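Architecture at a glance
The primary structure of each chain is shown beneath.
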Amino acid sequence: MIRSKQIKNPQLVLVVDDQEINRDVLGMILEDYYDIVYAENGKEALEKINEYREKLSVILLDLMMPVMDGFTVLEKVKNDEQLNHIPVIVLTAEKSAELRALQMGAADFITKPFDMHEVILARVSRIIELSEGRKLISAAEHDHLTMLYNKNFFFEYANRIHNYHPEWHMDAVVINIDQFHTINALNGFEFGDNVLRILGNEIRSFLAETEGIASRFEADRFDIYCIQQPDYQVVLDRFQNKLNELSETANIRLRMGVKPWNEDVEPVVLFDCARTACNKVRGDNMTHLMIYDEDMRMREMLGQRLMNDLHQAVDEHQFTVYYQPKYNIQVDPPRLTSAEALIRWKHPELGMISPADFIPLFEGNGQIRIVDNFVWAEAAHQIAEWKEKYDITIPVSVNLSRVDVFDPSLEDRLRHLIVDNSLDFKDMKLEVTESAYTENGEQLISLISHLREIGFEIEMDDFGSGYSSLNMLSSMPIDILKMDMKFIRNIEHSETDFRLVKLVLDIARYLDVPVIAEGVENENQLKMLKDAGCDIVQGFYFSRPVPPDIFEKYIVQELELRKLGERQ
Amino acid sequence: MTLEELYANMGGNYEHAKQIMKMDKLIDKYVRKLKNSDIRTRLASAFETMDPAQLFESAHAMKGVCGNLGLDDLAALADEITEEFRPGNNRKMSDEEAKAKVQNALDMLQKTLDCIEAYEQSAA
């Protein structure tokens, strides 16, 4: 038992009784352990309760009093959200009053006369402990920012609902805020917190109208477990509109994933699916609401299978590396300058699997390192083999993934490949996506600067898909810009797209680096790019990615051109 | 006059008072306060009208205070009146019996207050 006068700030007890003698006797019993305030009727008690509501640990309340009786006080306290956390012990001598008071929310009772001091002290102390314990639980149970449940408690309660009310059709809803870290970065954490708070409030008022519970699962992810709604677009719009009121300029976009109720499916599984649906909203989707469906389930199953099969695929040489040539188009005829190494997976049962299907998957769980390692080793070996066979160096570029950037052994791994294959550092170029630059900022820039000092050349991949400012660009260590494929696709039909391409070329000139255009499919596109001053082109117009033996015919062509050049 | 003697004169339970208040100093303080409290006046004014609600409230107050002072007989008498007039309870006494009961309580209370007066005089 904590005897509170021994601590610096003793707990505060309010004693309410109309009779001075009763107040004093009780005060005498408690005064060695608690700070005490007194009130002599219900009205005065309410004034004191409001005045000390943050500090009061317990109220000892007489029931029969003039002006306002104890029952009225009890009722007012228990119906007031600001006050109902304060436990009330009633002072009474009658059994019937005890029962009525307990039914009204009293925590306990103390009988008159006050002749059992130890019993009184023990009851007061126990009720305070219980109430403080409950506050601790409540603090742990709720996220302090939004007052929604924390995820552990949320799932505990969701499971109870699922088990006790299997007849309720409860859906899982996951909500995320697009680019929340950017919102924080641009507007400050206080603004970001406010966004979370407002969304939390709106979710709570939504839940006040329907059955359900909600949690701020982590950072900007909210989970709602609610009775099936007729139209989730309405729900999403409601939340979105609330955030739109906050700021016209901040452009806060929500995305929502829903997994509808399914008999016997546990909440944790439902929410996994809802999260998958929510993540599908990422990207260019016009709609910000996704309902989990069979197609998503199939893709998830495929993803799971591919992740399981990865190690076996490496062991059984199911992966091969294809090469796509890059041509310098500012000379006539265009000349082979280099190649990009691209992974291919020939699955024994599923056939050829598109990199678009497995690369994002492995990027997500970090296993992309295994794939990268394989591609780098193959590419390094291939460069060396061609060097040996044709006495010509075709530099090959390989991709660096985000996880590689954080791998402390990256430099050693790359260095070994170069040294073991007797290559120059500039023979193997490293491609890093623009978004990796903008997301990882300083750490990436310092790593890349270091790799360049060693001698590697760096190509910025997918340029134009990220959000680099000109200012950032000028400080980024890069040797080549690779323009995002999207720009090229429509240059023949869209004046705007072609202007964008010319803009990228201008930027590259400003940075004094060459530009590679990807995805070039026909002669017309090639001519437009050439006229606009683009240096290097990669795409189906010249060649698809091909196995090494087929690629060799481009090497042979190049060698012939060189011989021709020497003769002239 | 000692406190024990006072309690003997009042017909109170000194041991019980001691159990509640622990120290003679406090018993002394609170019996004196009883003399200045409105307990008897309230019961007396209820007696004038014999209004059940007033009787209940004043007897209830008397019961609590007397109980805490170890005036067990007075507390028991107050309890009888409280229950007789508690809202919702069935009356057990006739009006005359009840009136006699309250009169009795007032007399006993007066006697107690007189004893306290004498106690104060002896101490002064």
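Anything mentioned here points back to the structure above.
These numbers come from a predicted model, not from an experiment.

Now for the overall build of chain A. Regarding its fold elements, chain A presents 21 helices and 19 strands. Burial status across chain A gives 34% buried among its 568 residues. If you take every contact in chain A between residues at least 6 apart in sequence, the share linking residues at least 24 apart comes to 63%.

This brings us to the overall build of chain B. Each helix and strand counted, chain B has seven helices and zero strands in total. Secondary structure of chain B in N-to-C order comes out as α-α-α-α-α-α-α. Within chain B, buried positions represent 36% of all 124 residues. Of the contacts formed within chain B by residues at least 6 apart in sequence, a portion of 62% connects residues at least 24 apart.

Looking now at the interface of chain A and chain B. Each partner contributes to the interface: chain A provides 14 residues, whereas chain B provides 18 residues. Taken together, the residues that form the side of chain A that touches chain B break down as seven nonpolar, two polar and five charged.

With that settled, consider unusual backbone geometry. If a residue is not glycine, its phi is most likely negative; likewise, a peptide bond is most likely trans. Note the cis peptide between lysine 112 of chain A and proline 113 of chain A, where omega equals -5 degrees. One can find proline 113 of chain A in the loop between strand 5 (108-111) and helix 5 (117-141). Residues aspartate 332 of chain A and proline 333 of chain A are joined by a peptide bond in cis, for which omega reads -5 degrees. For glutamine 179 of chain A, which is not glycine, the phi dihedral falls at a positive 50 degrees. One can find glutamine 179 of chain A in the loop between strand 6 (170-177) and helix 7 (180-187). Taking the C-beta count within 10 Å as the criterion, glutamine 179 of chain A has 15 such neighbours and is therefore assigned partly exposed. Look at methionine 50 of chain B: it is not a glycine, yet its phi comes out positive at around 55 degrees. Its location among the elements puts methionine 50 of chain B in the loop between helix 4 (39-49) and helix 5 (52-68). The exposure class assigned to methionine 50 of chain B is partly exposed, which follows from the 13 C-beta atoms found within 10 Å.

Residues and elements named next belong to chain A. Across the sheet, which stays open at both edges, the five strands sit in the order 2-1-3-4-5 with parallel pairing between neighbours. The open sheet terminates on both sides in strands that have one partner only, identified here as strand 2 (35-39) and strand 5. Strand-to-strand twist of the sheet, defined as the mean angle between neighbouring strand axes without regard to direction, takes the value 25 degrees. Pairing of strand 4 (residues 88-92) with strand 5, which is carried by four bridges, proceeds in the parallel orientation. Directly across from leucine 91, in strand 5, lies its bridge partner isoleucine 110.

The axes of two packed helices give the description: the angle between them and the distance between them. All names here are of chain B. Packing of helix 3 (residues 24-36) against helix 7 (residues 95-123) leaves a shortest axis separation of 10 Å and a crossing angle of 125 degrees. Classed by the angle they form, the pair helix 3 and helix 7 counts as oblique. The hand of the helix 3/helix 7 crossing is left-handed. Residue-level inspection shows Val31, Arg32, Leu34 and Lys35 of helix 3 in contact with helix 7, the latter providing Leu113, Ile116, Glu117 and Glu120. For the contact of helix 3 with helix 7, the per-class residue count stands at four nonpolar, no polar and four charged.

This brings us to the nonpolar core. Residue and element names in this part refer to chain A. Formed by 71 residues in total, the largest nonpolar core has its most connected members in Leu14, Ile59, Leu60, Leu61 and Ile89. Once you skip the residues sitting within four places of it in the chain, isoleucine 89 turns out to touch Val58, Leu60, Leu61, Ala106, Ala107, Asp108, Phe109, Ile110, Arg123, Val124 and Ile127. In this structure, Ile329, Ala341, Tyr437 and Phe487 belong to the second largest nonpolar core, which totals 62 residues.

On to the environment of asparagine 41 of chain A, then. Residue and element names in this part refer to chain A. Turning to its location among the elements, asparagine 41 is positioned in the loop between strand 2 and helix 2 (42-51). Note: C-alpha distance between asparagine 41 and valine 16 (25 residues apart in sequence) is 6.5 Å. Ignoring anything within four residues of it in the chain, the contact list for asparagine 41 reads Asp18, Met65, Pro66, Val67 and Met68.

What follows concerns the pairing of strand 1 (residues 12-16) of chain A. All names here are of chain A. Counting buried residues in strand 1 gives four out of five residues, a clear majority hidden from the surface. For strand 1 and strand 3 (residues 56-62), the ladder comprises five bridges, and the chain directions are parallel. Across the sheet, residue valine 16 finds its bridge partner in strand 3, namely leucine 61. With helix 1 (residues 20-30) bridging strand 1 and its parallel neighbour strand 2, the resulting β-α-β unit is right-handed.

All names here are of chain A. Spatially, the five strands line up as an open sheet ordered 7-8-6-9-10, and their pairing is mixed. Pairing within the sheet leaves two strands with one partner each, and these edge strands are strand 7 (212-218) and strand 10 (289-291). Taking the axes of each pair of neighbouring strands and ignoring which way they run, one obtains an average angle of 20 degrees across the sheet. Where strand 9 (residues 254-259) lies against strand 10, three bridges are found, and the strand directions are parallel. The residue of strand 10 that forms the bridge with glycine 257 is methionine 290. Where helix 8 (residues 189-209) meets the sheet, it contacts strand 6, strand 7 and strand 8 (221-227), and its direction lies at approximately 160 degrees from that of strand 7. Those strands touched by helix 10 (residues 267-280) are strand 6, strand 8, strand 9 and strand 10, and its axis lies near 140 degrees from that of strand 9.

Parameters at a glance
Residues numbered from 1 in each chain as written. Chains lettered and ligands numbered in written order. Predicted model: local features only at pLDDT ≥ 70, side-chain atom pairs only at ≥ 80, totals over all residues. Helix = DSSP H or I, 4+ residues; strand = E, 2+ residues; numbered from the N terminus. Buried ≥ 20, exposed ≤ 12 C-beta atoms within 10 Å, placed from the backbone. Contact = placed C-beta atoms within 7 Å. Nonpolar A, V, L, I, M, F, W, Y, C, P; charged D, E, K, R; others polar. Pairing = 2+ DSSP bridges. Axes fitted to C-alpha atoms, helices over the stretch in contact; angles between N-to-C directions. Parallel < 35°, antiparallel > 145°, perpendicular 65-115°, else oblique. Left-handed = near helix turned anticlockwise from the far one by under 90°. Core = buried A, V, L, I, M, F, W, Y, C linked by C-beta atoms within 7 Å. Right-handed = clockwise from strand over helix to strand, strands pointing away.

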